[in-house]
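Spelled out from the first residue to the last, the chains are:
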Amino acid sequence: MKLATFNVNGINGRLPVLLRWLAEASPDVVCLQELKAPQEKFPQAALREAGYGAIWHGQKSWNGVAILARGQVPLETRRGLPGDPDDSHSRYIEAVIDGVLIGCLYLPNGNPAPGPKFDHKLRWFARLAAYAAELLALEVPVALVGDYNVMPTELDVYKPERWRDDALFRPEVREAFRALVAQGWTDALRALHPEERIYTFWDYFRNAFGRNAGLRIDHLLLSPALAERLAAADVDRAVRGWEKASDHAPTWIDLADVAPRRRPRARSAARAATR
DNA sequence: ATGCCTATTATTAATAGA
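Thresholds applied
- Residues numbered from 1 in each chain as written.
- Chains lettered and ligands numbered in written order.
- Predicted model: local features only at pLDDT ≥ 70, side-chain atom pairs only at ≥ 80, totals over all residues.
- Heavy atoms only, no water.
- Helix = DSSP H or I, 4+ residues; strand = E, 2+ residues; numbered from the N terminus.
- Rg over C-alpha atoms; globule rule 2.2 N^0.38 Å.
- Buried < 20%, exposed > 50% of the residue type's maximum accessible area, 1.4 Å probe, protein only.
- Contact = heavy atoms within 4.5 Å.
- Areas by Shrake-Rupley, 256 points an atom, 1.4 Å probe, with all protein chains shown as cover.
- Lys, Arg positive; Asp, Glu negative; His and termini not counted.
- Charge placed at Lys NZ, Arg CZ, Asp CG, Glu CD.
- Phe/Tyr/Trp six-rings, centres within 6.5 Å; stacked < 30°, edge-to-face > 60°.
- Lys NZ or Arg CZ within 6 Å of the ring centre and 35° of its normal.
- Axes fitted to C-alpha atoms, helices over the stretch in contact; angles between N-to-C directions.
- Parallel < 35°, antiparallel > 145°, perpendicular 65-115°, else oblique.
- Nonpolar A, V, L, I, M, F, W, Y, C, P; charged D, E, K, R; others polar.
- Pairing = 2+ DSSP bridges.
- Core = buried A, V, L, I, M, F, W, Y, C linked by side-chain atoms within 4.5 Å.
- Arc of directions from axis to C-beta.
- UniProt positions renumbered as here; feature names shortened; annotations may be inferred.
- Near = heavy atom within 4 Å.
- Polar contact = N/O pair within 3.5 Å; in protein donor to acceptor, adjacent residues only side chain to side chain.

## A word on the overall build of chain A
1) Next: For chain A, the helix and strand inventory stands at eight helices and 14 strands.
2) Next: The C-alpha atoms of chain A give a radius of gyration of 19 Å, which matches the 19 Å a tight globule of 275 residues would have.
3) Next: With the C-alpha coordinates aligned to their principal axes, the bounding extent of chain A is approximately 70 × 40 × 40 Å.
4) Next: Here chain A holds 275 residues, and 52% of them are scored as buried.
5) Next: Relative to all contacts within chain A whose residues are 6 or more apart in sequence, the contacts with residues 24 or more apart total 68%.
6) Next: As displayed, chain A offers around 13000 Å² of accessible surface, 52% of which is attributable to carbon and sulfur atoms.
7) Next: For chain A, the separation between the mean place of its 37 positive charges and that of its 34 negative charges on side chains is 3 Å.

Quick look at the structure:
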């Protein structure tokens, strides 16, 4: 299973980019963030024509998340993160696809910090951590993927000193991310590329992409059962250079298929047959 | 400390992003 996350920064303005990338990369599952479109303006027909079923949670102007699956409609298991009934932002949607529980998230940006927006970010992070612990306890294959708005370490920022007081890099959010991963999750890109400078976002300002002034803020966290299957991970950074590009690039992993498991009876019968 | 760019919404400017 090729599983990707892509903050599209406006799904309608970005539709040609999204469709071109889907055709070229052919991912099996895609988590999208920042739809910036109300529920009824999601381009379901165009995506269906491209071969993808979808579930989505839109919102006027901002936020918005979706999950696409090639050749099937994702089986939705949740929309909205538990823990705050007053949370009106569309920032979490979840589905089961081919035996994998996939949570698609868009963590609040949190700037300016300190301030109410930063407090909101930390509260949202705490709710995510509480829910993530519940998912881990299920001991099933789970992927929590999306735009976390956090650079986990100095290796994930082109110029750490410039970002030290920013809501994406302050010690509180780095610690929140570290503690989340320490529950038992695997940061897929970092696991396969421990030393490499990898970015998933480049600002529109100051020719950031041309200078490779990037940030790694889009992450795929895998439960232990899924981490065993991790075979490849990368960023389709060329997409950031396309006409009318999002400021994020698609970030993806490849998960090996599960070996077909025989029933115990069948296995002992097979063993007896080879004796 | 702020603009630089880009998108959406609503009326030519404000807000948010990161």
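Here the narrative resumes, following the displayed structure.
## A closer look at the packing of aromatic side chains
1) Next: Applying the stated criterion across every chain yields a total of six aromatic pairs.
2) Next: Here the aromatic rings of tyrosine 158 and tryptophan 163 are separated by 6.3 Å at their centres, their planes lie at 80°, and the arrangement is edge-to-face.
3) Next: When its relative accessible area of 22% is taken as the criterion, tyrosine 158 is described as partly exposed.
4) Next: Cation over ring: lysine 2 sits above tryptophan 252, and NZ or CZ is 4.6 Å from the ring centre.

## Regarding the packing of helix H3 (residues 116-137) against helix H5 (residues 171-182)
1) Next: For the pair H3 and H5, interaxial distance at closest approach is 10 Å and the crossing angle is 5°. The angle between the axes of H3 and H5 places the two elements in the roughly parallel class. Along the contact surface, H3 presents Phe118, Lys121, Leu122, Phe125, Leu128, Ala129 and Ala132, while H5 presents Glu172, Val173, Ala176, Phe177 and Leu180.
2) Next: Residue composition of the contact of H3 with H5, by class: 10 nonpolar, no polar and two charged.

## Examining the sheet that holds strand S5 (residues 75-79)
1) Next: If you trace the six strands from one edge of the open sheet to the other, you get S5-S6-S7-S8-S12-S9, paired in mixed fashion. Two strands close off the open sheet at either side, each with one partner strand: S5 and strand S9 (186-187).
2) Next: Where S9 and strand S12 (residues 218-222) come together, two bridges link them in antiparallel fashion. Considered in S12, the bridge of threonine 186 is made with leucine 222.
3) Next: Lying on the sheet, H3 is in contact with S5, strand S6 (92-97), strand S7 (100-106) and strand S8 (142-147); it crosses S6 at an angle near 20°.

## Focus on the nonpolar core
1) Next: Ranked by size, the top nonpolar core spans 33 residues in total, and within it Leu3, Ile67, Ile97, Ile102, Leu222 and Ile253 carry the most contacts.
2) Next: The element best represented in this core is S7, accounting for four residues.
3) Next: When near neighbours in sequence (up to four residues on either side) are disregarded, isoleucine 97 contacts Met1, Val29, Ile67, Ala69, Gln72, Pro74 and Ile102.
4) Next: Counting residues in each nonpolar core, the second largest holds 26 residues, with Leu128, Ala132, Val142 and Val181 among its members.

## Quick look at helix H1 (residues 15-25)
1) Next: Residues of H1 that are buried: Leu15, Val17, Leu18, Trp21, Leu22 and Ala25. The buried residues of H1 occupy one face: seen down the axis, they fall within an arc of 160°. Away from its buried face, by an angle of more than 90 degrees, H1 presents the exposed residues Pro16, Ala23 and Glu24.
2) Next: After H1 finishes, the residue serine 26 shows a positive phi value of roughly 50°.

## Details of the UniProt feature "domain: Endonuclease/exonuclease/phosphatase" (unreviewed entry) in chain A
1) Next: Sequence positions flagged by UniProt for "domain: Endonuclease/exonuclease/phosphatase" (unreviewed entry) are, in local numbering, residues 4-248.
2) Next: Along residues 4-248, the helical share is 26% and the strand share 25%, with 12 Å between the first and last C-alpha atoms.

## Some thoughts on the protein's contact with DNA strand B
1) Next: Around DNA strand B, a shell composed of 24 residues is seen, among which Glu34, Ser61, Asn109, Phe205 and Arg206 lie nearest.
2) Next: Backbone atoms, meaning sugar plus phosphate, form 64% of the atoms of DNA strand B positioned within 4 Å of the protein.
3) Next: One of the side-chain nitrogen or oxygen atoms of tyrosine 106 is found 3.0 Å away from a phosphate oxygen of DNA strand B.
4) Next: One nitrogen or oxygen atom from the side chain of histidine 248 is found 3.5 Å from a phosphate oxygen belonging to DNA strand B.
5) Next: Here the residues of the surface near DNA strand B are counted per class, giving eight nonpolar, seven polar and nine charged.

## Section: the environment of glycine 184
1) Next: Relative to the assigned elements, glycine 184 resides in the loop between H5 and S9.
2) Next: Through-space distance from the C-alpha of glycine 184 to that of proline 16 is 38 Å; in sequence the pair is 168 residues apart.
3) Next: Residues contacting glycine 184, with those up to four places away along its chain left out, are Leu136, Leu222 and Pro224.

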